[in-house]
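# Geometric and topological summary
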2 protein chains.
Amino acid sequence: MTYCLAMLLNEGVVCLSDTRTNAGLDNISKFRKSFTWEVPGERAIVLMTAGNLAITQAVMGLLQENIENPQPGIETLFSATSMYRVAEIVGDAMRVVQGRDGPALAQMGESSTASIIVAGQRAGGRPRLFHIYAAGNFVEATADSPYFQIGEHKYGKPIIDRVITVETPLKTAVTAALLSMDSTLRSNLSVGMPLDLTVIRTDEFRISEARRIENDDPSFDALSKGWSAALRRSFDEMDALWN
Amino acid sequence: MTYCLAMLLNEGVVCLSDTRTNAGLDNISKFRKSFTWEVPGERAIVLMTAGNLAITQAVMGLLQENIENPQPGIETLFSATSMYRVAEIVGDAMRVVQGRDGPALAQMGESSTASIIVAGQRAGGRPRLFHIYAAGNFVEATADSPYFQIGEHKYGKPIIDRVITVETPLKTAVTAALLSMDSTLRSNLSVGMPLDLTVIRTDEFRISEARRIENDDPSFDALSKGWSAALRRSFDEMDALWN
C-alpha cells in the first residue's frame, strides 16, 4: 500500500508520501514515491505515485528518459509550456506503459492499477494540482476540493476534511498533512516511514522544501506524541459536552 | 454501507450504530442496526449488524422466531447459559440463513456478506464482546483488542486506536464512539444519522442506556462542533512543534 497526499493552497503546494511497498504482507520494501524536477525561477514539479510499482517506475523512467535523450517533437517535463501540459505528458506516459505491460498483467490476473499526483507551478501560470488515473485521464483540484489523496486515503481523510481550505496557511497545511500521515501510519501497517515532504511556495518556481523524515525524526516524533496528548485533552473537554 | 462500533471496557459495553442502508448510491433507506434483549437482573444482550440487509434481517428474524415460538431443545438468546453460547447461537443462525439464501445470491452474482457484533453480560459471567462472521465463526474481544468495528471502519479507527483501552471510563468511551462516528459520517455518505447508542454497565444486567440520536440532537451537534473547534485549537499547538 501507499499513502500520498497533496494540497493546493493559495500559498503553494504541499506534498507528502510514505515509502513502504509490499508484494503481500510478507514482502515489504522501501521505495521513494515522490519525484521532483525544477528549473529554478521557471518551474517546479512534484510527482507522487501509488499502485503497481513496476508500472509507476516505468512511467517515471519514461518521463526521465525523454528528458535525458530529448527527441524532436517530444515534449518533456522541462519543456512543457504549462502545468496542464505536464499533466497530459504524465497521462500519456501512463498510457504508453499501460499499453506495454497492462495486457500481460491482465493475463496473469495481476492488477496494473496505478495513479499519479502531479503538482507544481510554471512561470506564467498559477500552482496547479492534478490526479492522473491508470487510464491516463486526469482531474484537477479546485478551491472546492483543494486536495488529492492516493493509496490508503481513508484513515487520514477526516483530519484533512476538517481543516484544509485553499486559505489554510502553508505551515498549518504541512502540520495537517503530517498528522493525516501519522493517523494512517498508526492504522495501516502497509504505510510506513520514512516520509518525503515536498513544498512549492507560490511564485518561488523552485522546490522550496524537500525533506526526508526518518523514523527517528525528533520533530515528527514530538508532533505525533503532541497530537496524541492534545487529542486526549480535547476528549476531556468533549466529555462535558455530551449529556 | 454501515458503521457499527462496540467497545468492551472494565465498566461495561458501549455499542453505537448508524441507520443508513443503500442498494446503490441512488437507493438509500433507513434501518435500525442495533437490537437488544434483556432479562433485568439476569442478562442484557446487544446485537449490531452490517452487510447484506436481507441476510441480517433474516438472522434477526430467526433469533426472534425461536424466542417467540420456543421449540424443545432449541436454545435462544433468553435461555443461553452464557454469552459464549449466545455468540454460538447467533453464528448458527447466520449459517442457517447463509445456507438458505447464499447459493441463490451467489448464482445472481450478489454478495451475501454480513457480520454481526454480539455484546452483553449474563449473571455469573463477565461482559463479553464477539464479532460473528458470515460463515458463522467468530472472534472475541480481549484486553489487547477491546473493540470491534463492522462496515466502514477506516475513517473512525484512528481516534479509537489513540484512546480506548479496557480501563477507559465508560463515559469517555461513549464520547470516543460518537466522535469516531462523527468522523465517519463526514467522510462517507453511505453512513448516516440517526444513530443508536446502547450501553450495558458491568453487573447491572440490563440495557443501562438505549438512546436514538436524531439528526438535530443538540448534544451530538455540540459534540461535533466542539470537536472541530478543539481540533483546530490543537492544530495551532502542533504548529509550534514542527520545525
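Parameters at a glance
Residues numbered from 1 in each chain as written. Chains lettered and ligands numbered in written order. Predicted model: local features only at pLDDT ≥ 70, side-chain atom pairs only at ≥ 80, totals over all residues. Heavy atoms only, no water. Phe/Tyr/Trp six-rings, centres within 6.5 Å; stacked < 30°, edge-to-face > 60°. Helix = DSSP H or I, 4+ residues; strand = E, 2+ residues; numbered from the N terminus. Buried < 20%, exposed > 50% of the residue type's maximum accessible area, 1.4 Å probe, protein only. Expected span 1.5 Å × (residues − 1). Polar contact = N/O pair within 3.5 Å; in protein donor to acceptor, adjacent residues only side chain to side chain. 1 Å grid on protein atoms, 1.4 Å probe; cavity = no way out; pocket = protein on both sides within 12 Å on 5 of 7 lines; lining within 4 Å. Points joined across faces, edges and corners; volume = space filled by probe spheres on them. Nonpolar A, V, L, I, M, F, W, Y, C, P; charged D, E, K, R; others polar. Salt bridge = Lys/Arg side-chain N within 4 Å of Asp/Glu carboxyl O. Least-squares fit on C-alpha atoms with pLDDT ≥ 70 in both. Pairing = 2+ DSSP bridges. Axes fitted to C-alpha atoms, helices over the stretch in contact; angles between N-to-C directions. Contact = heavy atoms within 4.5 Å. Buried area = accessible area lost by both parts, 1.4 Å probe.

- The name an unreviewed UniProt entry gives chain A is Putative proteasome-type protease, with Donghicola tyrosinivorans as the organism.

### What about the packing of aromatic side chains?
- Taken as a whole, this structure holds 8 aromatic pairs over all chains when the rule is applied.
- Note on Phe235 of chain A and Trp227 of chain B: the rings are 5.3 Å apart at their centroids and 35° apart in plane angle, and the pair reads as tilted. Of this pair, Phe235 of chain A sits in helix 5 (residues 218-239) while Trp227 of chain B sits in helix 5 (residues 218-239), each in a different chain. For the pair Phe235 of chain A and Trp227 of chain B, a shared accessibility class is recorded, and that class is buried.
- Ring plane angle 70° and centroid distance 6.2 Å describe the contact between Tyr84 of chain B and Phe130 of chain B, whose orientation is recorded as edge-to-face. Within this pair, whereas Tyr84 of chain B is found in helix 2 (residues 83-107), its partner Phe130 of chain B is found in strand 8 (residues 128-132), the two being separated by 46 residues in sequence.

### Points about helix 5 of chain A
- Between its first and last C-alpha atoms helix 5 of chain A spans 32 Å; for 22 residues at 1.5 Å apiece the expected length is 32 Å, and the two agree.
- The opening residue of helix 5 of chain A, the one whose side-chain oxygen lies 2.9 Å from the backbone nitrogen of Ser219 of chain A, is Asp217 of chain A.

### Section: the layout of surface pockets
- In this structure, the largest pocket encloses a volume near 430 Å³.
- For the lining of the largest pocket, the element with the highest residue contribution is helix 1 (residues 53-68) of chain B, accounting for 4 residues.
- In terms of residue class, the lining of the largest pocket is built from 8 nonpolar, 12 polar and 3 charged.
- Lining the second largest pocket are 18 residues, and of these Met1, Thr21, Asn22, Gly51 and Leu53 of chain A lie nearest its centre.
- Mapped by element, the contributors of at least two residues to the lining of the second largest pocket are strand 3 (20-22), strand 6 (43-51), helix 1 (53-68) and strand 7 (114-122) of chain A.
- Class assignment for the residues of the lining of the second largest pocket results in 6 nonpolar, 11 polar and 1 charged.

### Notes on the pattern of salt bridges
- Across all of its chains, the model carries 40 salt bridges over all chains by this definition.
- A salt bridge links Glu204 of chain B to Arg206 of chain B, with the shortest nitrogen-to-oxygen separation between them at 3.3 Å.

### Comments concerning the relation of the copies chain B and chain A
- With an RMSD of 0.0 Å, the fit of chain B onto chain A corresponds to turning through 180° and sliding 0.0 Å along the axis. Both copies of the chain, as the preceding transformation shows, are related through a two-fold rotation axis. Among all residues of chain B, the one whose C-alpha sits closest to the rotation axis is Tyr155 of chain B, at a distance of 2.5 Å.

### Describing the sheet that holds strand 8 of chain B
All names here are of chain B.
- Across the sheet, 5 strands lie side by side as 5-6-7-8-9; this open sheet has antiparallel pairing. Each edge of the open sheet carries a strand with a single partner, namely strand 5 (34-39) and strand 9 (138-140). Taken over all neighbouring pairs, the strand axes of this sheet differ in orientation by 15° on average, direction set aside.
- Pairing analysis gives 9 bridges linking strand 6 (residues 43-51) to strand 7 (residues 114-122), with the strands arranged antiparallel. In the sheet register, Val46 faces strand 7, and the bridge partner there is Ala119.
- Strands in contact with helix 1 are strand 5, strand 6 and strand 7; relative to strand 6, the strand with the most contacts, it is inclined by about 155°.

### Notes on helix 4 (residues 170-187) of chain B
- With 18 residues, helix 4 of chain B ought to run about 26 Å at 1.5 Å a step, and its terminal C-alpha atoms sit 26 Å apart, in line with that.
- Within helix 4 of chain B, 16 of the 18 residues are buried, which leaves it mostly tucked inside the rest of the structure.

### A few points about the sheet that holds strand 5 (residues 34-39) of chain A
Residues and elements named next belong to chain A.
- Taken in spatial order, the 5 strands line up as 5-6-7-8-9 in an open sheet, and their pairing is antiparallel. One side of each edge strand has no neighbouring strand; the edge strands of this open sheet are strand 5 and strand 9 (138-140). Pairs of neighbouring strands in the sheet enclose a mean axial angle of 15°, with direction left out of account.
- Here 5 bridges tie strand 7 to strand 8 (residues 128-132), and the two strands are oriented antiparallel to one another.

### What to know about the interface of chain B and chain A
- Across the contact, 45 residues belong to chain B and 45 residues belong to chain A.
- At the boundary of chain B with chain A, total buried surface from both sides reaches about 4100 Å², with 59% on carbon and sulfur atoms.
- Taken as a group, Arg162, Phe235 and Trp242 of chain B account for 24% of the area that chain B buries against chain A, more than any other trio of residues on that side.
- Across the chain B-chain A interface, the total number found is 6 salt bridges.
- One salt bridge connects Arg162 of chain B with Asp182 of chain A, and the closest N-O pair in it is separated by 3.0 Å.
- Run the count over chain B and chain A and you get 15 residue pairs in polar contact (both at pLDDT 80 or more).
- Where the side of chain B that touches chain A is concerned, the elements lending two or more residues are helix 3 (157-163), helix 4, strand 12 (209-213) and helix 5 of chain B.
- Looking at the side of chain B that touches chain A, the element that brings in the most residues is helix 5 of chain B, giving 17 residues.
- Per-class residue counts for the side of chain B that touches chain A are 20 nonpolar, 11 polar and 14 charged.

### So, unusual backbone geometry
- Cis geometry is adopted by the peptide bond preceding Pro194 of chain A, which originates at Met193 of chain A and carries an omega value of -5°.
- Considering the arrangement of structural elements, one finds Pro194 of chain A in the loop between helix 4 (170-187) and strand 11 (195-201).
- Residue Asp203 of chain A is not a glycine yet carries a positive backbone phi of 70°.
- Position of Asp203 of chain A among the secondary structure elements: in the loop between strand 11 and strand 12 (209-213).
- Of note in the backbone geometry, Phe205 of chain B takes a positive phi value of approximately 50° without being a glycine.
- Here Phe205 of chain B shows up in the loop between strand 11 (195-201) and strand 12.
- Residue Phe205 of chain B is classed as buried on the basis of its relative accessible area of 13%.

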